[in-house]
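So the chains spell out like this:
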Amino acid sequence: MTRPDQGADAPTQSHDGPRIPSDDELARMSTDDLVRLGNQIDDLEVVSNRERFPVPGTRAERRAERQVAGWFIIAALSGIAFLVAFIAWPWEYVGPGEEGGVLYALYTPVIGFLFGLSVFAVGMGVIAYSKKLLPEDLTIQQRHDGRSSEIDRRTAAARLVQTGQQSGITRRKLVYRSIGAAGGVLGLGVLVAAFGGLVKNPWKEGPNSPLLITGWHSEDGERVYMRRDTGESEEVVLVRSGDLAPGAIETVYPFKESQRTHPEELAEVLRSPDSPVMLIHLRPDVTVIKRAGQEDFNYGALFAYSKICSHMGCPTSLYEDQTNRILCPCHQSQFQANEYAKPVFGPATRPLAQLPIAVDDQGYLYARSDFIEPVGPAFWERRS
Ligand code: FES
């Protein structure tokens, strides 16, 4: 079929299609005229177009309205519940078995379920609306290739407007308002999900905010030793400086003497995601390059690096002592253990955080302080 050029002022006549009106004529046409014209242009044949409720206000119509509105009301209510849960549900980490652990564990499932229910109900509402309130319409259309012309777009928009008018949306106040409520709340929910992190303040504890401290932090100056994981959370085995042979690596965890009689704390420290540290004993023939400001962080050939990858936080568990490289299996970042764990391959751009360590009178390794920078991936506020 011949298509009119966009912006043509004069009417045109295609050889095998309808007469195409000028822009002026187009602007004067009513919605019904535009729909008819669009049908002709698109080779649309309307076989039947029947109002579902020719007599307004019947019980059947009101029942259909209530069913449609019911879905949108469910969407609105679950959207509100999502907002409340997102803001008020206890979201800060509580270990399994501790008081509040179950509530914390339910945080993600609850907000996921409520948000999903809201989206689902909107979808069901739209389906119910089209099946129960829009006119029953049987139309056959031939397929066309290429981009739609201006006339096609105008007439298609007119068809949508006409369909909306025929559905009686403006007089169906219950459906109209429930759609508005569901759309508003759901839109708000999307905004909250996207920007909610900006509402909550992870820095309200200042220098002791969770992202800035790890299990190696000691508030009262109590010494934090290095402990190995034996598989029994209540068994405490501390690490001595002579325990690792040259070229060896071991994952160690923080331990304070005050935790010894608290089984739940002993267990939690093994699960704490930011505390695992790789203790590496470099071979004696390895050349070491230290990072400025961290020259005394090692103890002899023993170096302690956070196990949490600076790319996206995976555990960097693999170590090759021939090349002194630490490998993160997630995206293959490699860190040079004898050069302050700087990244030498892969997507990571920052070194692994290094823990300053020392040895006490009995040869046990301990942390001289917490990490001097946040461990793991970048976030907006981090300075290093
Ligand atoms: S998380 Fe380690 S390389 Fe991506």
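Note that this is a predicted model, so its numbers are computed, not measured.

K.L.:
Lay out the overall build of the chain with the relevant residues and their values.
P.N.:
Counting its regular elements, the chain contains 7 helices and 15 strands. The C-alpha radius of gyration computed for the chain amounts to 34 Å, which surpasses the reference 21 Å derived for 384 residues by more than 25%, pointing to a less compact arrangement than a globule. Overall, the chain is about 95 × 50 × 35 Å in size when its C-alpha atoms are taken along their principal axes. By the burial criterion, 39% of the 384 residues in the chain qualify as buried. Of all intrachain contacts in the chain linking residues separated by at least 6 positions in sequence, the fraction that spans at least 24 positions is 64%. Per element, the accessible surface of the chain, about 21,300 Å² overall, is 56% carbon and sulfur. Each charge class in the chain can be summarised by its mean position, and for the 40 positive and 48 negative side chains these summaries are 8 Å apart.

K.L.:
Please provide a residue-by-residue account of the UniProt feature "domain: Rieske" (unreviewed entry) in the chain, values included.
P.N.:
Feature annotation in UniProt assigns "domain: Rieske" (unreviewed entry) to the following positions: residues 274-366. Each end of residues 274-366 is marked by a C-alpha atom, and these two atoms are 17 Å apart; helix forms 0% of the span and strand 30%.

K.L.:
Which residues make up the state of the cysteines, and what are the values?
P.N.:
Using the criterion set out here, one finds 1 disulfide in the structure. Here Cys 314 connects covalently by a disulfide to Cys 330, the sulfurs 1.9 Å from one another. Every disulfide takes its handedness from the sign of the S-S torsion; for Cys 314 and Cys 330 that torsion is -85 degrees, giving left-handed. Of the two residues, Cys 314 is situated in the loop between strand 9 (302-306) and strand 10 (318-320) and Cys 330 in the loop between strand 11 (325-327) and strand 12 (334-336); the sequence distance between them amounts to 16 residues. We classify Cys 330 as partly exposed; its relative accessible area is 34%.

K.L.:
Quick rundown of helix 2 (residues 31-41)? Include the residues and the values.
P.N.:
Every α-helix carries 3.6 residues per turn, so stepping three or four residues along brings you back to the same face. Taken residue by residue, helix 2 has Leu 34, Val 35, Leu 37, Gly 38, Asn 39 and Ile 41 as its buried positions. Structurally, helix 2 contributes buried residues whose contacts are with strand 2 (19-20), helix 1 (23-28), strand 3 (44-50) and helix 5 (150-166). Positive backbone phi, approximately 55 degrees, marks Asp 43, located one or two places after helix 2.

K.L.:
Can you explain the packing of helix 3 (residues 59-88) against helix 4 (residues 101-132)? Please cite residues and give values.
P.N.:
Orientation of helix 3 relative to helix 4, taken along the N-to-C sense of each, is 160 degrees, at an axis distance of 8 Å. Comparing the axis directions of helix 3 and helix 4 gives the class roughly antiparallel. When the axes of helix 3 and helix 4 are compared, the crossing they make is left-handed. Its residues assigned to classes, the contact of helix 3 with helix 4 comprises 23 nonpolar, 5 polar and 1 charged.

K.L.:
Residues and numbers for the UniProt feature "transmembrane region" (unreviewed entry) in the chain, please.
P.N.:
When the UniProt feature table is mapped onto this chain numbering, "transmembrane region" (unreviewed entry) sits at residues 68-91, 103-129 and 174-199. Helix and strand shares over residues 68-91 are 88% and 0% respectively, and the end C-alpha atoms of the span are 35 Å apart. With 100% helix and 0% strand, residues 103-129 has its two end C-alpha atoms placed 37 Å apart.

K.L.:
I'd like to hear about the layout of surface pockets, residue by residue, with values.
P.N.:
By volume, the largest pocket is sized at about 1,400 Å³. Among the elements that line the lining of the largest pocket, the one with the most residues is helix 7 (residues 263-271), at 4 residues. Of the residues contributing to the lining of the largest pocket, the split by class is 16 nonpolar, 11 polar and 13 charged. Approximately 330 Å³ is the volume attributed to the second largest pocket. Val 46, Asn 49, Asp 137, Arg 159 and Gln 162 are, among the 16 residues lining the second largest pocket, the residues nearest its centre. Going through the elements one at a time, helix 2, strand 3, strand 4 (136-141) and helix 5 are the ones with two or more residues in the lining of the second largest pocket. Its residues assigned to classes, the lining of the second largest pocket comprises 5 nonpolar, 7 polar and 4 charged.

K.L.:
A description of unusual backbone geometry should follow, citing residues and the corresponding values.
P.N.:
The residue Asn 324 is not glycine, and still its phi comes out positive at about 60 degrees. Turning to its location among the elements, Asn 324 is positioned in the loop between strand 10 and strand 11. Given a relative accessible area of 7%, Asn 324 falls into the buried group. One non-glycine residue with positive phi stands out, namely Gln 332, at about 65 degrees. Inspection of the secondary structure assignment puts Gln 332 in the loop between strand 11 and strand 12. A residue is classified by how much of its surface remains accessible, and Gln 332, at 40% relative accessible area, is partly exposed.

K.L.:
Mind laying out the nonpolar core, listing which residues take part and the relevant values?
P.N.:
Of all hydrophobic cores here, the largest spans 18 residues; its most connected members are Trp 216, Met 226, Val 277, Leu 279, Leu 355, Ile 357 and Leu 365. For this core, the elements supplying multiple residues, two or more each, are strand 5 (224-228), strand 8 (277-281), strand 9, strand 14 (357-359) and strand 15 (365-367). Apart from the residues within four sequence positions on either side, Leu 365 is in contact with Tyr 225, Met 226, Val 239, Arg 240, Ser 241, Leu 279, Leu 302, Ile 357, Ala 358 and Val 359. The next biggest cluster of nonpolar side chains, apart from the first, holds 16 residues, and it includes Tyr 305, Tyr 319, Cys 328 and Phe 335.

K.L.:
Give a detailed account of the pairing of strand 7 (residues 249-255), specifying residues and quantitative values.
P.N.:
Within strand 7, 5 of the 7 residues are buried, which leaves the element mostly enclosed by the surrounding structure. With 4 bridges joining them, strand 5 and strand 7 adopt antiparallel strand pairing. Paired with Arg 228 across the two strands is Val 252, which belongs to strand 7. Bridge analysis of strand 7 against strand 8 gives 4 bridges, and the strand direction is antiparallel. Bridge pairing links Glu 250 to Leu 279 in strand 8.

Cut-offs and rules
Residues numbered from 1 in each chain as written. Predicted model: local features only at pLDDT ≥ 70, side-chain atom pairs only at ≥ 80, totals over all residues. Heavy atoms only, no water. Helix = DSSP H or I, 4+ residues; strand = E, 2+ residues; numbered from the N terminus. Rg over C-alpha atoms; globule rule 2.2 N^0.38 Å. Buried < 20%, exposed > 50% of the residue type's maximum accessible area, 1.4 Å probe, protein only. Contact = heavy atoms within 4.5 Å. Areas by Shrake-Rupley, 256 points an atom, 1.4 Å probe, with all protein chains shown as cover. Lys, Arg positive; Asp, Glu negative; His and termini not counted. Charge placed at Lys NZ, Arg CZ, Asp CG, Glu CD. UniProt positions renumbered as here; feature names shortened; annotations may be inferred. Disulfide = S-S within 2.5 Å. Axes fitted to C-alpha atoms, helices over the stretch in contact; angles between N-to-C directions. Parallel < 35°, antiparallel > 145°, perpendicular 65-115°, else oblique. Left-handed = near helix turned anticlockwise from the far one by under 90°. Nonpolar A, V, L, I, M, F, W, Y, C, P; charged D, E, K, R; others polar. 1 Å grid on protein atoms, 1.4 Å probe; cavity = no way out; pocket = protein on both sides within 12 Å on 5 of 7 lines; lining within 4 Å. Points joined across faces, edges and corners; volume = space filled by probe spheres on them. Core = buried A, V, L, I, M, F, W, Y, C linked by side-chain atoms within 4.5 Å. Pairing = 2+ DSSP bridges.

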